[in-house]
Amino acid sequence: MSPASANRAERLADRLAGAGEDGGPLDGYLVTELTNVEYLTGFTGTNGACLVTPERRLFLTDFRYAERAKEIDGWEVEIVSGQWLEGLAKHLTGQVGFEDDHVTVRTADQLREATDAKLLAAGGQVERLRRVKDAEEIERIAAAAEMTDRLYGLLGEHGLAGRTEAAVDAWLTGWMREQGAEPSFPPIVASGPNGASPHAEPGPREIGRGELVTVDMGVKLDGYCSDCTRTFATGSESELDSLSREIYDVTLRANEAGLAAVRAGADGSEVDSVSRELIREAGYGENFGHGLGHGVGLEIHEAPRLGPSSEDELIAGEVVTVEPGIYIPGETGVRIEDLVVVGERGVERNLSSFPKELSFV
Ligand code: ZN
Ligand code: ZN
């Protein structure tokens, strides 16, 4: 275990003091969500759990992972041989928090039957820790973002007009795999009128000239995700209609204004409203129907959220997206998304370096 990950279990143990009923202490915390288990221990199998108490760091898995579990240092390891839930339950004493945002009601009931410990719903503790990235995590996300930028460069050289969205999607995904990465989510390639749908799935439509094409993609590399959107234009400058040009320019300004509002201490809703207001003033308020951004790390969408109803206060060291868009139903759409590290006074580092001037490819 790297010193950084040892520190994660410490930080979780520190949180127990105030995570119980009415802000009281918990005697332990049971982590069963696998991404959270991975964050704490580095374990990437399909069955594992962690119990953290002020004194103990216990990792449990089953016989299939007995070999892999030996690589986890800093944790007592127990290989559960019989019933999994009973194996967990016998270690629980006192008031133990569990991840009620991930555990099914049925599993929680079964756990309660198997133990005398008092199980308390206390989800979100590890997610809260995961929000702030350490230097090693930021380097991994930066490497994933750099690979994505390289792919955008190749895509621009390759051209888009005359290919189908599905063919472009397959080519992007194939390239990622050749590099030893995988897509952090299925890429979006949305051309012409399909660009009006923020989550369009790439289809058989052949990309024409004089259209906008929104490409939203990222890779997962060494466990960490990247996320970036660029909107390209096809054909020559004179072939693009003025509406497409205008919404591109407004979206770019909204992206830049959002980036300028990112800083530790700002609320997710505050940053969102800076971008949103700019789009509204340009007359497209109705055409930006999603939140401005989200955290990125081991998962493509994690805390914090940047959006109209977000109460998350940004913290230095978080990695978040800023991704305003304008979507004109039946016609066209634009989204521009950067991935940035939150700093005390502003964006500490923009991990997305592919240019944002509209490029004609
Ligand atoms: Zn994205
Ligand atoms: Zn995103």
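### Section: the environment of Asp 216
Step number 1: Relative to the assigned elements, Asp 216 resides in strand β9 (residues 212–217).
Step number 2: Of the residues examined, Asp 216 reaches a relative accessible area of 6% and is grouped as buried.
Step number 3: Along the primary structure Asp 216 and Ala 190 are separated by 26 residues, whereas in three dimensions their C-alpha atoms are 8.7 Å apart.
Step number 4: With residues up to four places along the chain from it excluded, the contact list for Asp 216 reads Tyr 152, Phe 185, Pro 187, Ile 188, Asp 227, Cys 228, Thr 229, Glu 323, Arg 335 and Glu 337.
Step number 5: At 3.0 Å, the side chain of Asp 216 and the side chain of Thr 229 are in polar contact.

### Some remarks on the pairing of strand β3 (residues 57–62)
Within a regular strand, side chains alternate between the sheet's two faces.
Step number 1: Within β3, six of the six residues are buried, which leaves the element mostly enclosed by the surrounding structure.
Step number 2: Taking every second residue as pointing to the same face, both faces of β3 are buried, with Arg 57, Phe 59 and Thr 61 on one and Leu 58, Leu 60 and Asp 62 on the other.
Step number 3: Inspection of the sheet shows strand β2 (residues 48–52) paired to β3 by five bridges, in the antiparallel sense. The residue bridging Leu 51 from the neighbouring strand is Leu 58, located in β3.
Step number 4: The turn linking β2 back onto β3 is made up of four residues.

### Comments concerning the domain arrangement of the protein chain
Step number 1: What the domain assignment reports for the protein chain is domain 1 (3–131) and domain 2 (135–350).
Step number 2: Of the roughly 870 Å² buried where domain 1 meets domain 2, counting both sides, 43% is carbon and sulfur surface.
Step number 3: Counting across the interface, domain 1 meets domain 2 through four salt bridges.
Step number 4: Of the charged contacts, one joins Arg 130 and Glu 299 as a salt bridge, the two residues approaching to 2.9 Å between their closest N and O atoms.
Step number 5: The interface formed by domain 1 and domain 2 includes four residue pairs in polar contact (both at pLDDT 80 or more).
Step number 6: Within the side of domain 1 that touches domain 2, the residues separate by chemical class into two nonpolar, one polar and five charged.

### Digging into the pattern of salt bridges
Step number 1: Using the criterion set out here, one finds 25 salt bridges in the structure.
Step number 2: Two residues, Glu 67 and Lys 70, come together in a salt bridge whose shortest N-O distance is 2.8 Å. Here Glu 67 and Lys 70 have matching classes, each one exposed.
Step number 3: Across the salt bridge formed by Asp 338 and Arg 230, the nearest N and O atoms sit 2.9 Å from each other. Placement of the pair is Asp 338 in strand β18 (residues 338–342) and Arg 230 in strand β12 (residues 228–233), with a sequence separation of 108 residues.
Step number 4: For Arg 230, a relative accessible area of 2% translates into the label buried.
Step number 5: One salt-bridge network, held together by shared partners, links Arg 130, Lys 133, Glu 299 and Glu 302.

### Examining helix α7 (residues 135–158)
An α-helix turns once every 3.6 residues. As a result, residues three or four positions apart point the same way.
Step number 1: Taking 1.5 Å of rise per residue, the 24 residues of α7 would be expected to cover 34 Å, and the 35 Å separating its terminal C-alpha atoms lies within 8% of that figure.
Step number 2: Structurally, the start of α7 carries an N-cap: the backbone nitrogen of Glu 136 is 3.1 Å from a side-chain oxygen of Asp 134.
Step number 3: Gly 159 lies just past α7 and shows a positive phi near 85 degrees.

### A look at the sheet that holds strand β11 (residues 224–225)
Step number 1: The sheet built from three strands is open, its strands ordered β7-β10-β11 with antiparallel pairing. In this open sheet, the two edge strands, each paired with only one partner strand, are β7 (182–183) and β11.
Step number 2: Strand direction decides the pairing type here: strand β10 (residues 219–221) and β11, joined by two bridges, are antiparallel. Counted as the bridge partner of Lys 220 is Cys 225 from β11.

### Thoughts on the coordination of the zinc ion (ligand 2)
Step number 1: Coordination of the zinc ion (ligand 2) by the protein involves Asp 227 (OD), His 294 (NE2), Glu 323 (OE) and Glu 337 (OE), with metal-donor separations of 2.1 to 2.2 Å.
Step number 2: Its four donor atoms give the zinc ion (ligand 2) angles of 77 to 152 degrees at the centre, a pattern that matches the irregular case.
Step number 3: Counting gaps between the donor residues of the zinc ion (ligand 2) yields the pattern D-x66-H-x28-E-x13-E.
Step number 4: The metal-metal distance between the zinc ion (ligand 2) and the zinc ion (ligand 1) is 3.1 Å, with Asp 227 coordinating both. Of this pair, Asp 227 sits in the loop between β11 and β12 while Glu 337 sits in the loop between β17 (332–335) and β18, placing them 110 residues apart in sequence. With respect to burial, Asp 227 and Glu 337 carry one shared label: buried.

Calculation notes
Residues numbered from 1 in each chain as written. Chains lettered and ligands numbered in written order. Predicted model: local features only at pLDDT ≥ 70, side-chain atom pairs only at ≥ 80, totals over all residues. Heavy atoms only, no water. Helix = DSSP H or I, 4+ residues; strand = E, 2+ residues; numbered from the N terminus. Buried < 20%, exposed > 50% of the residue type's maximum accessible area, 1.4 Å probe, protein only. Contact = heavy atoms within 4.5 Å. Polar contact = N/O pair within 3.5 Å; in protein donor to acceptor, adjacent residues only side chain to side chain. Pairing = 2+ DSSP bridges. Domains from an automatic or database assignment. Buried area = accessible area lost by both parts, 1.4 Å probe. Salt bridge = Lys/Arg side-chain N within 4 Å of Asp/Glu carboxyl O. Nonpolar A, V, L, I, M, F, W, Y, C, P; charged D, E, K, R; others polar. Expected span 1.5 Å × (residues − 1). Donors = N, O, S within 2.8 Å, 3.2 Å for Na, K, Ca; no water. Tetrahedral: all angles 85-135°; square planar, octahedral: opposite > 155°, others 65-115°.

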